[in-house]
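Examining the three-dimensional arrangement
Given next are the chains, with one letter for each unit.
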Amino acid sequence: MQNTGIALVTGATSGLGAEYCRQLARQCKTIIAVGRRGDHLQALGAELDGLTRIHPVVADLSTVEGVTRTVEALRQQGPVDLLINNAGFSTLGDFADSTLEVELQMVRLQIDAPLELARAALPFMREQGRGQIINVASVGAFVELQKTAVYGACKAFLLAFSRSLQAEVAGQGIRVQCLCPGLTRTEIHDTPHFSGFDKGRFPESMWMEVDAVVAESLTALAGDEVVVIPGQVNRDIVRGAVQRQLQALQH
């Protein structure tokens, strides 16, 4: 990937977000690290001290206040060369039995916030004639996800948005990527909203570590792929799902 001056990473307190910060540290003079847990952001800043400057933004992006604070940081610390919309969570259970406010909170975090941050960053990128946006989705954008219907729908939105946005900015020096990982060892499976999930149901071969996922994402920025699916097992899953969808259209 090209050297990046300033990056903004959401969901930076753990998992993929923290790993993006680690792998970008030698390429960015400043990383605006956004997350809900200030102590985690401070620890990340201490870990990466000497490699990059971490500008912590403690914000809940499912709230208007959190998005406003992050957009203000983007404008004051920017212009941002790389925006990574990574923050997210999932619920587990039948939608009909879910708490609607929690599902709407997920939509605000994984659809509304990426839209607002991209809209804030893009005019500066267009003016500079360069910029990169990574929207972190999931293989769930392609397959039916029982018990996580709203999560899958949010990721499908990010997939469609990323493809269309890349078509809009083609020729402007701006790259848009939609990262679609499969099972990845992060905290998302250990939250209260996801209680009851049995990791042991899935073989080791289906799991990826965060460093491998992020490495594939950043390496792919040098190419022209909009959709990046890390791991052969995940690519096979998506390929099978798309083939089944195409076959269904023929009936």
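Scroll up to find the structure.
Here is a short report on the structure shown in this document. In this text, all values refer to a predicted model and were calculated from it rather than measured experimentally.

Checked against the element boundaries, histidine 251 lands in the segment after helix H7 (232-249). Through-space distance from the C-alpha of histidine 251 to that of threonine 99 is 37 Å; in sequence the pair is 152 residues apart.

Before going further, it helps to spend a moment on the environment of arginine 37. Along the polypeptide, arginine 37 turns up in the loop between strand S2 (30-35) and helix H2 (38-47). The spatial distance from the C-alpha of arginine 37 to the C-alpha of valine 143 is 32 Å, given a sequence separation of 106 residues. Of note is the side chain of arginine 37, whose polar atom sits 3.4 Å from the side chain of serine 14.

Right, let's get into the packing of helix H1 (residues 15-24) against helix H6 (residues 210-220). In the contact formed by H1 and H6, the axes pass within 9 Å of each other and the chain directions differ by 60°. Relative to H6, the element H1 is oriented oblique. Viewed along their axes, H1 and H6 form a crossing whose handedness is right-handed. Across from Gly15, Leu16, Glu19, Tyr20, Gln23 and Leu24 in H1, the residues of H6 making contact are Val210, Asp211, Val213, Val214, Ala215, Ser217 and Leu218.

Moving on, we come to the sheet that holds strand S1 (residues 6-10). Ordered by their spatial adjacency, 7 strands build an open sheet running S3-S2-S1-S4-S5-S6-S7, and the pairing between neighbours is parallel. Among the strands making up the open sheet, the edge pair consists of strand S3 (53-58) and strand S7 (227-228). Across 6 bridges, the pairing between strand S5 (residues 131-136) and strand S6 (residues 174-179) is parallel. Residue pairing in the sheet places isoleucine 133 in a bridge with valine 176 of S6. Helix-sheet contacts for H1 involve S1, S2, strand S4 (82-85), S5 and S6, and the interaxial angle to S1 is about 165°.

All right, on to the pattern of salt bridges then. Inspection of the entire model under this criterion finds 10 salt bridges. Close ionic contact of arginine 130 with aspartate 81 constitutes a salt bridge, the shortest N to O distance being 3.4 Å. With arginine 130 in the loop between helix H4 (100-128) and S5 and aspartate 81 in the loop between helix H3 (64-77) and S4, this residue pair connects regions lying 49 residues apart in the sequence. Residue classification places arginine 130 among the partly exposed residues on the basis of a relative accessible area of 37%. A salt bridge links aspartate 236 to arginine 239, with the nearest nitrogen and oxygen atoms 3.0 Å apart. Highlighted residues: aspartate 236 and arginine 239, both in helix H7, separated by 3 residues, approximately one helical turn. Via salt bridges that share partners, Glu19, Arg22 and Glu47 belong to a single interconnected network.

Calculation notes
Residues numbered from 1 in each chain as written. Predicted model: local features only at pLDDT ≥ 70, side-chain atom pairs only at ≥ 80, totals over all residues. Heavy atoms only, no water. Helix = DSSP H or I, 4+ residues; strand = E, 2+ residues; numbered from the N terminus. Polar contact = N/O pair within 3.5 Å; in protein donor to acceptor, adjacent residues only side chain to side chain. Axes fitted to C-alpha atoms, helices over the stretch in contact; angles between N-to-C directions. Parallel < 35°, antiparallel > 145°, perpendicular 65-115°, else oblique. Left-handed = near helix turned anticlockwise from the far one by under 90°. Contact = heavy atoms within 4.5 Å. Pairing = 2+ DSSP bridges. Salt bridge = Lys/Arg side-chain N within 4 Å of Asp/Glu carboxyl O. Buried < 20%, exposed > 50% of the residue type's maximum accessible area, 1.4 Å probe, protein only.

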